[in-house]
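Structural characterization, general
Each chain, letter by letter, is given below.
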Amino acid sequence: MSTNLIACAIDQKECAIVRMTKSGGNHYSLDTSKILPFGLHDLASAKGKRLLKKLDSHLNEWPDEELALCVGPTNYLPLPVSFPANTSAEKYREYCRIEAQYFLSQPEAYDCDCADYGMNQNGLHEKKILLFYPAAASRSVAEHLAATRRIVFNGTAQLPLLHLSKFTAGKQVILEIESNYLLLTESGEGRIGQFSCRETKNRKESEYFTIKTLVENPICRENRVQLTGTLVDKAMTKLIKKESSMTLQPLSIPPSLSISNPSKFSISSAVTVKAVSTALMALDTQKRFTLFAD
């Protein structure tokens with residue numbers, strides 16, 4: 001039995017649309033992949049309505065299929081928590097709303113992704129990390145798209161990339177260098193092992209704290225570090241390599257992940273990797289993860 005799904009990943013400057021098929025076990029095929037030259041910043045501008053219609057025109061090639069949506073936020077507010085083991089989805093929503101009331105000054109303005117955190121669990125409780133992020137931009141896009149199709153996932157790239165670690169041999173280490181924040185995640189088997197997030201004010205701060213984070217974290221010396229983010233360019237990459245002597249590579253699909261026709265489409269860009277990861281997670285789980293939706 002085959003299952004099809006469309007995924008759309010929207011970063012600050014561009015977005016990617018993929019359509020994937022899963023047929024038994026872990027057999028996947030990529031049926032289409034395209035990058036559109038506008039992102040969340042453009043969708044929030046005066047030309048946003050016109051660009052949303054353009055996005056619609058591409059998605060409407062498959063009018064009856066479900067959509068998994070991944071939107072890149074401007075920043076994260078992380079909160080490590082511990083919940084009772086085997087908590088139901090409804091209870092998770094309740095607990096997260098309670099945490100948001102204590103943690104945020106305007107909880108209604110944020111959505112949240114909830115990720116498994118920590119490799120060692122004691123059985124009675126489960127460690128999680130709540131990733132709060134400003135919701136206005138992503139909600140606006142999701143509400144527009146939900147008018148014509150069912151959205152099965154609406155969140156950030158963190159859960160899809162965490163799911164991608166299930167296909168990675170060893171540890172998956174990703175460093176995101178965005179305009180407003182620096183985020184390092186080390187994960188494996190779908191769980192975050194180490195997590196670090198820092199707000200940054202400008203490129204100089206990003207450069208300084210990127211090098212500091214890499215040099216001071218042993219996990220970065222033991223594994224290849226995948227770089228992604230708006231500020232990752234040739235100059236940034238060259239500086240990081242020079243100052244840290246780390247082994248770096250762009251964000252990528254794990255070689256062990258079997259996609260039947262990888263040469264038919266280019267999947268090397270970071271936004272496409274996020275779209276593919278979002279599709280994989282939605283196909284594998286077939287459930288909604290967003291805690292503050294509805």
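Residues numbered from 1 in each chain as written. Predicted model: local features only at pLDDT ≥ 70, side-chain atom pairs only at ≥ 80, totals over all residues. Heavy atoms only, no water.

1. What about the pattern of salt bridges?
Taken as a whole, this structure holds 18 salt bridges when the rule is applied. Residues Lys212 and Glu216 are paired through a salt bridge, measuring 2.8 Å at the closest nitrogen-oxygen approach. Highlighted residues: Lys212 and Glu216, both in helix 6 (residues 203–216), separated by four residues, approximately one helical turn. With relative accessibility at 31%, the residue Lys212 sits in the partly exposed group. Glu216 gets classed as exposed once you look at its relative accessible area, which sits at 54%. In the salt-bridge network here, residues are joined through shared partners; they are Asp116, Glu126, Lys128 and Arg191. (Salt bridge = Lys/Arg side-chain N within 4 Å of Asp/Glu carboxyl O. Helix = DSSP H or I, 4+ residues; strand = E, 2+ residues; numbered from the N terminus. Buried < 20%, exposed > 50% of the residue type's maximum accessible area, 1.4 Å probe, protein only.)

2. Focus: the sheet that holds strand 11 (residues 191–199)
With mixed pairing, five strands are arranged side by side in an open sheet as 11-10-9-12-13. Lying at the two open borders of the sheet, with one neighbouring strand each, are strand 11 and strand 13 (248–250). Here the average twist between neighbouring strands, direction ignored, is 20 degrees. Bridge count between strand 10 (residues 181–188) and strand 11: eight bridges; the pairing is antiparallel. Its bridge partner being in strand 11, Ser187 is matched across the sheet by Ile192. (Pairing = 2+ DSSP bridges. Axes fitted to C-alpha atoms, helices over the stretch in contact; angles between N-to-C directions.)

3. Re the packing of helix 2 (residues 48–59) against helix 4 (residues 136–146)
Interhelical geometry of helix 2 versus helix 4 gives an angle of 45 degrees and a closest axis separation of 11 Å. By the angle between their directions, the pair helix 2 and helix 4 is classed as oblique. The way helix 2 lies across helix 4 gives a crossing that is right-handed. Across the interface between the two elements, Leu52, Leu55, Asp56 and Leu59 from helix 2 touch Val141, His144 and Leu145 from helix 4. (Parallel < 35°, antiparallel > 145°, perpendicular 65-115°, else oblique. Left-handed = near helix turned anticlockwise from the far one by under 90°. Contact = heavy atoms within 4.5 Å.)

4. Quick look at the packing of aromatic side chains
Per the stated rule, a full pass over the model turns up six aromatic pairs. Taken together, a centroid distance of 5.6 Å and an interplanar angle of 35 degrees make the contact between Phe103 and Phe132 tilted. Of this pair, Phe103 sits in helix 3 (residues 89–103) while Phe132 sits in strand 7 (residues 125–134); the two residues are 29 residues apart in sequence, bridging distant segments of the chain. Accessibility expressed as a relative area gives 34% for Phe103, which makes it partly exposed. Three or more aromatic residues link up through ring pairs in this structure, and these residues are Phe83, Tyr92 and Tyr95. Sitting over the face of the ring of Phe209, Arg198 holds its NZ or CZ atom 3.9 Å from the ring centroid. (Phe/Tyr/Trp six-rings, centres within 6.5 Å; stacked < 30°, edge-to-face > 60°. Lys NZ or Arg CZ within 6 Å of the ring centre and 35° of its normal.)

5. A few points about the packing of helix 6 against helix 8 (residues 234–244)
At a minimum axis separation of 10 Å, helix 6 and helix 8 run at an interaxial angle of 40 degrees. The pairing of helix 6 with helix 8 is recorded here as oblique in orientation. Here the hand of the crossing between helix 6 and helix 8 comes out right-handed. Within the contact between the two elements, helix 6 uses Arg203, Ser206, Glu207, Thr210, Ile211, Leu214 and Val215 and helix 8 uses Ala235, Met236, Leu239, Ile240, Glu243 and Ser244.

6. Quick look at the sheet that holds strand 5 (residues 77–84)
What holds strands together in a sheet is hydrogen bonding between their backbones, with the strands either parallel or antiparallel. Spatially, three strands are ordered 5-7-6 in an open sheet, and the strand pairing comes out antiparallel. Edge strands, defined here as strands with exactly one partner in the open sheet, are strand 5 and strand 6 (110–116). Taking each pair of neighbouring strands and ignoring which way they run, the sheet shows an average axis angle of 30 degrees. As paired strands, strand 5 and strand 7 are joined by eight bridges and run antiparallel to one another. Bridge assignment links Pro78 to a residue of strand 7, and that residue is Leu131. Running over the sheet, helix 3 touches strand 5 and strand 7 and is turned about 135 degrees from strand 5.

7. Describing the confidence of the model for the chain
Parts of the model with low pLDDT should not have their predicted coordinates read in detail. Residues at a pLDDT of 70 or more form 94% of the chain, whose mean pLDDT is 90. The lowest-confidence element of the chain is helix 1 (residues 40–43), averaging 90 in pLDDT; the highest-confidence one is strand 9 (residues 172–177), averaging 97. For residues 287–294, every residue scores under 50 in pLDDT, and the model assigns this stretch 27 contacts once sequence neighbours within four places are set aside. (pLDDT = per-residue confidence, 0-100.)

8. A look at the environment of Gln12
In this structure, Gln12 sits in the loop between strand 1 (2–10) and strand 2 (15–23). Gln12 gets classed as partly exposed once you look at its relative accessible area, which sits at 21%. Separated by 17 residues in the primary sequence, Gln12 and Ser29 place their C-alpha atoms 27 Å from one another. In contact with Gln12, other than residues within four places in its own chain, are Gly39, Leu40, His41, Asp42, Gly72, Pro73, Thr74 and Thr230.

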